[in-house]
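Here is how the chains run, residue by residue.
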Amino acid sequence: MESTLSCQSSVVRCQLGALWFSLLAAVALVLPQNRASAAGGAKPNVVVITIDTLRADHLGCYGYSRIETPNLDALARLGARFTQAYTPVPITLPAHTAIFTGSFPMATGMHDFSGNKLPANGTTLAKVLRDNGYTTAAFIGAAVLDSRFGLNQGFETYFDHFDFSRLDETNLDLTERRGDLVMDEALGWLKQAPQPFLLWIHLYDPHFPYTPPEPYASRYRTHLYDGEIAFADAQVGRLLSFLKQRGLFDHSVIALAGDHGEGLGEHGEKTHGFFIYNSTLHVPLILKVPGAAPRVVAEDVSLVDVMPTLLQELKLPIPASVQGRSLLGLILGRQGPTAARPSELYAETYLPLLHFRWGQLRGLESDGWKYIDAPRPELYNLRSDPRELKNLYSARQSLAHEMHDRLYAVIRRFTPASGNAAAGKELTDPALLERLRSLGYVAVSAGSFVEPSGKPLPDPKDRIQVYELFSEAMADGQHGRYEESLRKLAEAEKNEPSSVPIRYLEALDYYRQKDFRRSIEQFRSALELDPKFALATYYLGLAQVEAGDLDGATTSLERALRLDPTNFAAAFNLGAVYLKKNRVDDARGQFEHAVEVNPDYAQAYEALGEVDLYLKRTEEAVRALERAVELAPDSAKAHYNLGRGYQALGRAADAQREFARAQTH
């Protein structure tokens, strides 16, 4: 499926003569000296660029002719381009976790786009480099990598700063920052960054929906996905030009990778995350190491190999927690023990199980064969069938069973011991196991689950049409097309009558339409199926507030916070309900909790300041309101109340200034 054409712009057509061989020998003698002298000087800077949702076969340097990606192609010509690199998870958050921990999801507990957080004691590339004298910074393009999920560990600067509501949390991938804005922030930081530094830049643009800016929208109007990639390429070009202008490029280690691919309709999957076919697993990977000759590497590698490769190049110890292998030998054209050990091409998606109560998928690729462990298992010969269209499981039973055993050996090797006597039966990392149990699943064999009734879970292959219909309905609802969304959800419900996410989205659509009666009915219906669904509980509380049921809202919002103490909006709204019920001290406690969870929550600071003014806690009120106007300078109410606070403290000039600002906003 993927071409292995080199990015090189010309091909040597003449027969090599003696002079050419002697020249090659001279270069071979010089390169080790160049690398030694570079290594003996200052520590090299490290730049990691991740481009979201990037298929390798949609780049010029991977043989794709319908796009212009001159900057990525140029970088590939200067580094090692890996033609067979794969992600272990086709979902942004766990894929990036694999890159920055060098470990598979069963080791980190990061399997999903939400509902999991990297443990505080985890080892990350940023932590290791920070502890070895590096300045560390990350600039993020989407809320799916928000610091609350833990990937900020080790980064002294982590620019996420997304303004999103809990309403978007079921589809965080709609909350994004355009690539040029991400690059603006990164280049601004670079201008004054102390060296050596680790810089991570995340560009989200190729992710659905495909809305490239001009001129890319016009240039690629019939294939907008490519337009997004071309726009991302231009942003990479800005970074590379800056590094060259500042004299930083040659001495920097640069890693560029896609986190996962995109289905683009293959196997019925329009986007990613639902299946583990190579349309969403195969990614570009380019590694530029100072002093190393450019080359094309055709060996199979995994994104978990990036961290150990960078650490070995920096001559830093590779932590014991790292499960990938260093690729430095392949980059330098050397063969040794690390180069000889193959990468484990493990892949998984738990999205169907965690969100739809369908079976999870786990797979292994090895020696040109791909095995997928599913309710109906799959086996593909990738050499003769690279698009994975002909399932050979029935025809090659012996090989399929061998691949099954190898897959479970890999899972067993990389899954941490849980101390549970049943761990061999469950074969799932403790964090995920706890989450699955909370949803009512029962382990029946190594890593396989059924409904509490014992009923087997559906195969995702049989639910792809329902999933795509659900995805379209979700997009309709996010963009205000509520009737169209409800129509599609009703159609999906015919095939999936007891679906928690379908009922939840129906409830959200009614809520957005201000039909609070039906919204409350549907949220309750969803909670009957999943009583621990924190967001449904939260929105039930909001709907009850709108319907005038303050007692019901209190119960729901209190329960929502027990289920998810990080829901700062639930704390804020519960505080507002307490105020309506004259529970002023309780309200203040909730506003304090909201700003503890989210220190940038202007509304909560404003409410906290108002309550403190009422309670005659004037100095505390002024501090809260000063923070409120700092975060929301256009809030007339915050300026007015701050003026009241200054007035109470006898600061007349400050009070008049804030009153004047209140009148202008």
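Residues numbered from 1 in each chain as written. Predicted model: local features only at pLDDT ≥ 70, side-chain atom pairs only at ≥ 80, totals over all residues. Heavy atoms only, no water.

1. Quick notes on the overall build of the protein
No. 1: When helices and strands are tallied, the protein shows 28 helices and 14 strands.
No. 2: Out of the 665 residues belonging to the protein, those deemed buried represent 58%.
No. 3: Across the protein, the fraction of contacts at a sequence separation of at least 24, relative to all contacts at a separation of at least 6, is 63%. (Helix = DSSP H or I, 4+ residues; strand = E, 2+ residues; numbered from the N terminus. Buried < 20%, exposed > 50% of the residue type's maximum accessible area, 1.4 Å probe, protein only. Contact = heavy atoms within 4.5 Å.)

2. Thoughts on the sheet that holds strand 8 (residues 295-302)
No. 1: Strands sit in the order 4-3-5-1-6-7-2-8 across an open sheet of 8 strands; the sheet is mixed. Every other strand in the sheet has two partners, leaving strand 4 (157-159) and strand 8 as the edge strands with one partner each. Taking the axes of each pair of neighbouring strands and ignoring which way they run, one obtains an average angle of 15 degrees across the sheet.
No. 2: Pairing geometry for strand 3 (residues 135-139) and strand 5 (residues 197-203), over 5 bridges, is parallel. Among the inter-strand pairings, Thr 135 is bridged to a residue of strand 5, identified as Phe 197.
No. 3: Strand contacts of helix 6 (residues 179-190): strand 3, strand 4 and strand 5, with the helix running at about 170 degrees to strand 5, the strand carrying the most contacts.
No. 4: Taken strand by strand, helix 10 (residues 306-313) contacts strand 1 (45-51), strand 6 (252-258), strand 7 (282-288) and strand 8, and its axis lies near 175 degrees from that of strand 6. (Pairing = 2+ DSSP bridges. Axes fitted to C-alpha atoms, helices over the stretch in contact; angles between N-to-C directions.)

3. Considering the confidence of the model for the protein
No. 1: Mean pLDDT over the protein: 88, with 86% of residues reaching 70 or higher.
No. 2: Note that pLDDT drops below 50 for residues 164-173; the model gives that stretch 37 contacts with residues more than four away or on any other chain.
No. 3: Taken as a whole, residues 441-446 scores under 50 in pLDDT and shows 27 contacts with residues more than four places along the chain or in a different chain. (pLDDT = per-residue confidence, 0-100.)

4. Things to note about the environment of Gly 368
No. 1: Its location among the elements puts Gly 368 in the loop between strand 10 (361-366) and strand 11 (369-373).
No. 2: Residues Gly 368 and Asn 381, spaced 13 residues apart in sequence, show a C-alpha to C-alpha distance of 6.2 Å.
No. 3: Contact partners of Gly 368, with chain neighbours within four places excluded, come to Tyr 380, Asn 381, Leu 382 and Arg 383.

5. Some points on the packing of helix 19 (residues 500-512) against helix 21 (residues 534-546)
No. 1: At a closest axis distance of 11 Å, the pairing of helix 19 and helix 21 adopts a crossing angle of 25 degrees. One finds that helix 19 runs roughly parallel with respect to helix 21. Handedness of the crossing formed by helix 19 with helix 21: left-handed. Contact residues: helix 19 offers Tyr 504, Leu 508 and Tyr 511, while helix 21 offers Leu 535, Ala 536, Tyr 539, Leu 542 and Ala 543.
No. 2: Tallied by class, the residues present in the contact of helix 19 with helix 21 amount to 8 nonpolar, no polar and no charged. (Parallel < 35°, antiparallel > 145°, perpendicular 65-115°, else oblique. Left-handed = near helix turned anticlockwise from the far one by under 90°. Nonpolar A, V, L, I, M, F, W, Y, C, P; charged D, E, K, R; others polar.)

6. Comments concerning the pattern of salt bridges
No. 1: Taken as a whole and assessed by the stated rule, the structure comprises 37 salt bridges.
No. 2: Note that Arg 487 is salt-bridged to Glu 484, the shortest N-O span being 2.7 Å. One end of the pair, Arg 487, and the other, Glu 484, are both in helix 18 (residues 482-495), 3 residues apart, so they sit about a helical turn from each other.
No. 3: Residues joined by salt bridges that share partners form a network here, namely Lys 270, Glu 472, Asp 476, Arg 481, Glu 484, Arg 487 and Lys 488. (Salt bridge = Lys/Arg side-chain N within 4 Å of Asp/Glu carboxyl O.)

7. Section: helix 24 (residues 584-597)
In an α-helix, one turn spans 3.6 residues; hence positions three or four apart end up facing the same way.
No. 1: Taking 1.5 Å as the rise per residue, helix 24 with 14 residues should run 20 Å; its terminal C-alpha atoms sit 20 Å apart, in good agreement.
No. 2: Within the span of helix 24, buried status applies to Val 584, Ala 587, Arg 588, Gln 590, Phe 591, Ala 594 and Val 595. On an axial view of helix 24, the arc spanned by its buried residues comes to 160 degrees, and they lie on one face. More than 90 degrees from the buried face of helix 24, the exposed residues found are Asp 585 and Glu 596.
No. 3: Buried positions along helix 24 lie against helix 22 (550-563), helix 23 (568-580), helix 25 (602-614) and helix 26 (618-631). (Expected span 1.5 Å × (residues − 1). Arc of directions from axis to C-beta.)

8. Things to note about the pairing of strand 7
No. 1: Counting buried positions along strand 7 gives 7 out of 7 residues, so the element sits mostly inside the fold.
No. 2: Residue alternation in strand 7 divides its side chains into two sets, His 282, Pro 284, Ile 286 and Lys 288 and Val 283, Leu 285 and Leu 287, and both sets are buried.
No. 3: As paired strands, strand 2 (residues 80-86) and strand 7 are joined by 5 bridges and run antiparallel to one another. Across the sheet, Ala 85 pairs through a bridge with Val 283, a residue of strand 7.
No. 4: Across 4 bridges, strand 6 lies against strand 7 in antiparallel orientation. Its bridge partner lying in strand 7, Ala 255 is registered against Leu 287.

9. Focus: the sheet that holds strand 11
Across a sheet, paired strands are connected by hydrogen bonds in the backbone, their directions being either parallel or antiparallel.
No. 1: Taken in spatial order, the 4 strands line up as 9-10-11-12 in an open sheet, and their pairing is antiparallel. Every interior strand has two partners, whereas the edge strands, strand 9 (345-349) and strand 12 (378-381), have only one. Sheet twist, expressed as the average angle between the axes of neighbouring strands with direction ignored, equals 15 degrees.
No. 2: Direction of pairing for strand 10 relative to strand 11: antiparallel, over a ladder of 5 bridges. Directly across from Ser 366, in strand 11, lies its bridge partner Trp 369.

10. Details of the nonpolar core
No. 1: With 80 residues, the main nonpolar core has Tyr 504, Phe 523, Tyr 538 and Tyr 539 as its most contacted residues.
No. 2: Ranked by residues supplied to this core, first place goes to helix 23 with 8 residues.
No. 3: Leu 93, Leu 151, Phe 155 and Trp 200 belong to the second-largest nonpolar core, a separate cluster that totals 52 residues. (Core = buried A, V, L, I, M, F, W, Y, C linked by side-chain atoms within 4.5 Å.)

11. Points about unusual backbone geometry
No. 1: At the junction of Gln 195 and Pro 196, the peptide bond is cis and its omega measures out at -5 degrees in the coordinates.
No. 2: Within the secondary structure, Pro 196 sits in the loop between helix 6 and strand 5.
No. 3: Omega for the peptide link from Phe 208 to Pro 209 comes to 0 degrees, which places this bond in the cis form.
No. 4: By the element assignment, Pro 209 lies in the loop between strand 5 and helix 7 (216-219).

12. Regarding the pairing of strand 12
No. 1: Of the two faces of strand 12, the one holding Glu 378 and Tyr 380 and the one holding Leu 379 and Asn 381 are both buried throughout.
No. 2: The sheet contact formed by strand 11 and strand 12 spans 4 bridges and is antiparallel. Within strand 12, the residue paired with Trp 369 across the bridge is Asn 381.
No. 3: The hairpin formed by strand 11 and strand 12 contains 4 residues between the paired strands.

13. Overview of the environment of Leu 361
No. 1: Mapped onto the fold, Leu 361 is located in strand 10.
No. 2: Sequence separation between Leu 361 and Pro 460 is 99 residues, and the spatial gap between their C-alpha atoms is 8.2 Å.
No. 3: Beyond its immediate chain neighbours, meaning those up to four positions away, Leu 361 contacts Phe 274, Phe 275, Ile 276, Ala 347, Glu 348, Thr 349, Ile 372, Asp 373, Ala 374 and Pro 460.

14. Observations regarding the packing of helix 18 against helix 19
No. 1: In contact at an axis separation of 10 Å, helix 18 and helix 19 are set at 160 degrees when each is read in the N-to-C sense. The pairing of helix 18 with helix 19 is recorded here as roughly antiparallel in orientation. When you trace helix 18 past helix 19, the crossing you get is left-handed. Counting all contacts with helix 18, which are made through Tyr 482, Ser 485, Leu 486, Leu 489, Ala 490, Ala 492 and Glu 493, the residues of helix 19 involved are Ile 502, Arg 503, Leu 505, Glu 506, Asp 509, Tyr 510 and Arg 512.
No. 2: For the contact of helix 18 with helix 19, a count of residues per class yields 8 nonpolar, 1 polar and 5 charged.

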